Every structure is written in C-alpha cells, then in structure tokens.
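These are the residues of each chain, in order.
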Amino acid sequence: MEAVEGKIRKQGMAELKTPCYIIDEGRLKKNLEILSQLEKETGCKVLLAQKAFSCFYEYPLIGSYISGTTASGLYEARLGREEMNKENHVFSPAYREEDIEELVGLCDHMIFNSFSQLEKYKEQCRGVSVGLRINPECSTQEGHAIYDPCAFGSRLGIRAEQFPEILPEQVEGLHFHTLCEQDADALAVTLTAVEEKFGRWLPGLKWLNFGGGHHITREGYDLELLKSCIRRMQEAYGLEIYLEPGEAVALNAGYLATTVLDVVENGITTLILDVSAACHMPDVLEMPYRPPLRDAGLPEEKPWTYRLSSNTCLAGDIIGDYSFDRELRPGDRLYFEDMAIYSMVKNNTFNGIPLPSIAVMDEQGECRILRRFGYQDFKERLA
Ligand SMILES: Cc1ncc(COP(=O)(O)O)c(C=O)c1O
C-alpha cells in the first residue's frame with residue numbers, strides 16, 4: 001500500500017503509474033447484486049471461480065453477496081479458505097497424493113474427474129461432500145474449440161457409458177462445466193442432455209453443479225431462463241444447485257492502464273505500449289479476442305487508426321487495430337476495458353517485462369494501489 005502521512009493515498013485514475021490493473025468496485029458490486037438476487041430468488045448457491053479472478057482484496061466484499069469460492073487445486077482452495085472462508089469447492093482433473101489431506105481440510109466439496117481418482121482417495125475424503133464431473137457430450141458453442149470440454153476425446157468429465165449401474169455410496173453430487181461466455185439457452189440444451197444421459201442417477205443425489213461459463217451479468221442475458229433452468233432441476237430431483245461463474249463475477253469490472261512508449265511506421269502505424277498481450281492479457285492471443293478500449297473505435301471508424309502492440313520481442317504480440325479521434329503520441333494514456341478477469345491470474349514476466357500494479361477504484365472514482373511489483377518479483381520466480 002502507498003502510505004502518505006499515515007493514510008493510504010488516493011489518486012485519480014489518470015495519476016496512476018502505468019502499467020496498472022484497476023478494479024472497478026462499483027461495477028463489481030453491480031455484478032454481485034445480480035448474482036446475490038439470483039441466489040435469493042431461486043435458492044441456488046453461486047461460487048466465485050477463482051481461476052478467473054483471484055483479487056483477494058475483494059473477497060470479503062464478494063463473500064458478502066455470494067455463497068463462496070471454487071478452486072482448481074490446492075493454492076486456490078487455500079486462498080478461498082483464507083480470504084473468503086465460506087463454502088469452498090475444488091475440482092481438478094487429477095489430484096496429487098501430497099495435496100489430498102490439506103485439500104480435505106480446506107474444502108467442503110471435492111469433485112473427481114474419474115472413478116479411479118475417487119477410488120484412490122475415497123477413504124481420505126470421508127469428511128467432505130464428494131462429487132463427480134460428468135461430460136454430457138453436448139457442445140453448445142463453435143467459436144472457441146480450446147474451451148470445449150465436450151469435444152471428442154476430451155479428458156474433462158466422465159461419459160455416461162462409463163457410469164456403473166449404481167454409483168459408489170460416497171457420491172453425493174454431479175458437476176458439469178461445458179459453457180463459455182454463453183447465455184441460458186445453451187444451459188437449457190445442456191440440461192436436457194444431462195437428463196437424457198445421467199437422469200437415472202440424479203434422484204439419489206444431493207446436489208448438481210452447473211459449472212461456469214454463464215455470462216449472467218452481461219447485458220441482455222436471459223436471467224428468467226436461467227432461473228427456470230435452476231427450478232427445473234430443483235423440482236424434478238430435489239437437488240441443491242450450484243453455479244460457479246468466474247467471468248460473470250467481475251465482468252467489465254476492471255481496466256488495464258497503459259502508456260504509449262513509441263509510434264513506429266512500417267507500412268502500418270503501430271503504437272508500442274507498456275503493456276503486452278502475451279504478458280498481461282494472454283487471452284487476447286489464446287482465445288483470441290480484441291479487448292475493448294476506452295474512447296476507441298473499429299479500424300477506420302475514427303480519423304486516426306493504429307495497431308496497438310507491445311514492448312516484447314514477440315512479433316505477434318499485437319493487441320489489435322483501433323481508431324481514435326486524435327493523433328496519438330508517446331506519453332498518451334489508454335485504458336483497456338474488461339481487464340479484471342483472466343488477466344492478473346494469467347500474467348507473466350516473459351522478456352522481464354514488469355507486472356502491472358494492481359489498484360482498486362471506489363464508487364467515487366478514487367483509486368488506491370493495492371500492490372506494486374518489481375525486479376524481485378521477476379527474479380524470485382527463477383533460479
Ligand atoms: C470447472 C470450471 N468451473 C468454472 C469455470 C469458470 O468459467 P467462467 O469464468 O467462464 O465463468 C471454469 C473455467 O474454465 C471451469 O473450468
């Protein structure tokens with residue numbers, strides 16, 4: 001924290017040194033209100049998928065709206081327990097022997113990806129609610145093959161044909177995660193597949209976890225259909241319903257502030273920024289997608305078009321092409337939007353590029369630095 005005369009210094013967004021991620025608490029609260037209302041109206045439980053957003057400074061706030069956290073392994077499970085301390089679940093494609101005891105102490109639900117993993121650890125998991133991840137083999141999206149756990153040969157989830165007549169007595173619930181940035185219509189289709197393939201096992205269970213990928217807080221999302229999907233499974237089978245969105249919790253609730261370092265002209269006019277797609281927003285290259293940028297338009301939409309790129313060695317470290325109302329020069333600041341999710345949790349120091357600081361902006365627009373990173377953070381991950 002930046003302390004000035006004993007107080008934490010507050011700054012306007014424009015005063016923050018770049019690069020810097022800025023969490024927008026007002027936006028975060030708006031998302032959380034929607035999720036908490038969903039819990040209240042339907043009786044479902046919503047968990048933060050920490051893989052998308054692990055800014056634990058905000059966990060007390062998030063925990064005041066929703067039921068808890070879910071984790072991808074030991075470290076996230078520990079963070080959820082330490083910083084939110086509400087219901088805490090974990091799913092991993094396979095667990096390591098040395099992690100199990102600690103995980104059982106940290107988690108309320110342990111979800112297994114195979115019968116062999118369940119068999120291996122079942123005695124150690126006596127104190128927690130045990131579930132299985134299923135693969136309903138129902139792909140509802142074409143855009144992002146890398147995010148489709150239902151694709152042929154997927155390692156994620158057990159197929160119905162592998163299920164025994166009677167489930168091991170310890171199994172209390174099923175979990176599926178098949179969606180990616182989708183609306184409730186895709187969930188409705190998926191539930192039909194879940195019922196068709198796994199319906200005979202549902203009546204004996206306590207809970208069903210709908211996974212993540214529900215873009216619940218996106219404008220225009222069909223909340224009524226989501227509610228009816230939840231009620232459909234509650235009423236038909238008496239199940240407790242869990243949802244574990246990551247994106248929806250912090251959607252559009254963060255920025256990445258950057259400064260133009262140079263302008264180079266080589267047939268295309270490129271702005272070299274102090275942020276990198278490869279280092280600070282890897283989903284831009286992995287997904288790929290073009291992140292929204294404040295006050296900018298599509299190429300040629302406004303008078304000045306530029307390619308936005310980075311100060312790394314990677315030729316393809318290109319964020320996208322954008323247009324502006326005015327000419328841009330070194331020293332100008334830009335703000336990428338929707339940068340709370342899958343950004344801080346995925347960043348790296350490739351090329352020794354500094355990690356952006358993390359700041360929070362309150363509802364009055366005042367910012368505080370939560371954390372700065374420096375050379376030691378780069379060096380300490382290496383040996
Ligand atoms: C098992 C599981 N649950 C929840 C999520 C969160 O998904 P999203 O951030 O798209 O809501 C993911 C994302 O990969 C996941 O794999």
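Refer to the preceding data block for the structure.
Cut-off values and rules
- Here the residue index of a chain counts from 1 through its sequence in written order.
- Residues qualify for local features only when their pLDDT is at least 70, as the model is predicted, and side-chain atom pairs are given and counted only at 80 or more; totals for whole chains, interfaces and linings, by contrast, use all residues.
- The side-chain values count all of the structure's non-hydrogen atoms but skip hydrogen atoms and water molecules.
- The way it works is that DSSP assigns letters per residue, a run of H or I at least four long becomes a helix, a run of E at least two long becomes a strand, and they are numbered from the N terminus.
- Any residue under 20% of the maximum accessible area for its type is buried, any over 50% is exposed, and the rest in between are partly exposed; the area is computed with a 1.4 Å probe on protein chains only.
- Any two residues whose heavy atoms approach within 4.5 Å are treated as being in contact.
- Any N or O atom pair separated by 3.5 Å or less is treated as a polar contact, with the protein-specific requirement of one donor-capable and one acceptor-capable atom, and with residues adjacent in sequence counted only for side-chain atom pairs.
- Each residue is tested against the molecule or strand, and it is near if at least one of its non-hydrogen atoms lies within 4 Å.
- For accessible areas, the Shrake-Rupley method is used with a probe of radius 1.4 Å. Any residue's cover is judged against the shown protein chains and nothing else.
- Ten residue types, Ala, Val, Leu, Ile, Met, Phe, Trp, Tyr, Cys and Pro, are classed as nonpolar, four, Asp, Glu, Lys and Arg, as charged, and the remainder, Gly among them, as polar.
- Working definition: the arc comes from the directions between the helix axis and the C-beta atoms, pointing outward to the latter.
- What makes a nonpolar core is a set of buried Ala, Val, Leu, Ile, Met, Phe, Trp, Tyr and Cys residues whose side-chain atoms join them at distances within 4.5 Å.
- In this entry, domain limits derive from an automatic or database-based domain assignment.
- At least two DSSP bridges between two strands are needed for those strands to be called paired.
- Axes, fitted as lines to C-alpha atoms, cover a helix only where it is in contact. Angles between the N-to-C directions of the axes lie from 0 to 180 degrees.

(A) The overall build of the protein, seen in detail. Broken down by element type, the protein carries 11 helices and 18 strands. With respect to the principal axes defined by its C-alpha atoms, the protein has extents near 65 × 50 × 45 Å. Residues counted as buried form 54% of the 383 residues belonging to the protein. Nonlocal contacts in the protein, meaning residues at least 24 apart in sequence, comprise 67% of its contacts between residues at least 6 apart.

(B) Main features of the environment of D317. Looking at the element boundaries, D317 is found in the loop between β14 (304-310) and β15 (318-324). Of the residues examined, D317 reaches a relative accessible area of 0% and is grouped as buried. The contacts of D317, once residues within four sequence positions are left out, are S276, A277, A278, S309, S310 and T312. Among the polar contacts listed, one links the side chain of D317 to the backbone nitrogen of A277, at a separation of 2.8 Å.

(C) View of the site of the ligand. Every one of the 13 residues lining the ligand counts as a neighbour, but K51, G213, E244, G246 and Y342 are closest to it. Taking E244, its side chain carries an N or O atom lying 2.7 Å from a nitrogen atom of the ligand. At a separation of 2.6 Å, an oxygen atom of the ligand approaches a polar side-chain atom of Y342. When the ligand is considered free in solution it has 390 Å² of accessible area, and contact with the protein chains removes 86% of it. Broken down by class, the residue content of the shell around the ligand amounts to 4 nonpolar, 5 polar and 4 charged.

(D) Fine view of unusual backbone geometry. A cis amide bond links T18 with the next residue in sequence, P19, at an omega value of -5°. One can find P19 in the loop between β2 (7-8) and β3 (20-24). Unusually for a residue other than glycine, N252 sits at a positive phi of about 55°. Position of N252 relative to the elements: it lies in the loop between α8 (247-250) and β12 (254-265). Despite not being glycine, D338 has its phi angle at roughly 55°, a positive value.

(E) The arrangement of helix α4 (residues 97-106) in detail. Residues of α4 that are buried include every one of D99, I100, L103, V104 and L106, and no others. An end-on view of α4 places all buried positions within 155° of arc, on one side of the element. For α4, the exposed residues set more than 90 degrees away from the buried face come down to E98, E101 and G105.

(F) Just the nonpolar core, in detail. If you look at the biggest cluster of nonpolar residues, it comprises 96 residues, and the most contacted ones within it are F53, M110, F210, L308 and F336. Among the elements that make up this core, the one with the highest residue count is helix α6 (residues 184-198) (7 residues). Among the domains, domain 1 (3-18 + 253-379) and domain 2 (26-249) are the pair contributing at least three residues each to this core. Setting aside residues up to four positions removed in sequence, F210 forms contacts with F176, L187, L191, C229, I230, M233, I241, Y242 and L243. Formed by 11 residues, the second largest nonpolar core is a distinct cluster that contains C20, Y255, Y335 and M361.

(G) Just the sheet that holds strand β6 (residues 87-91), in detail. Ordered by their spatial adjacency, 8 strands build a closed barrel running β4-β5-β6-β7-β8-β9-β10-β11, and the pairing between neighbours is parallel. Shown here is a sheet whose adjacent strand axes are inclined to one another by a mean of 25°, direction ignored. Pairing of strand β9 (residues 171-175) with strand β10 (residues 207-209), which is carried by 3 bridges, proceeds in the parallel orientation. Within the sheet, the bridge partner assigned to H175 lies in β10 and is N209.

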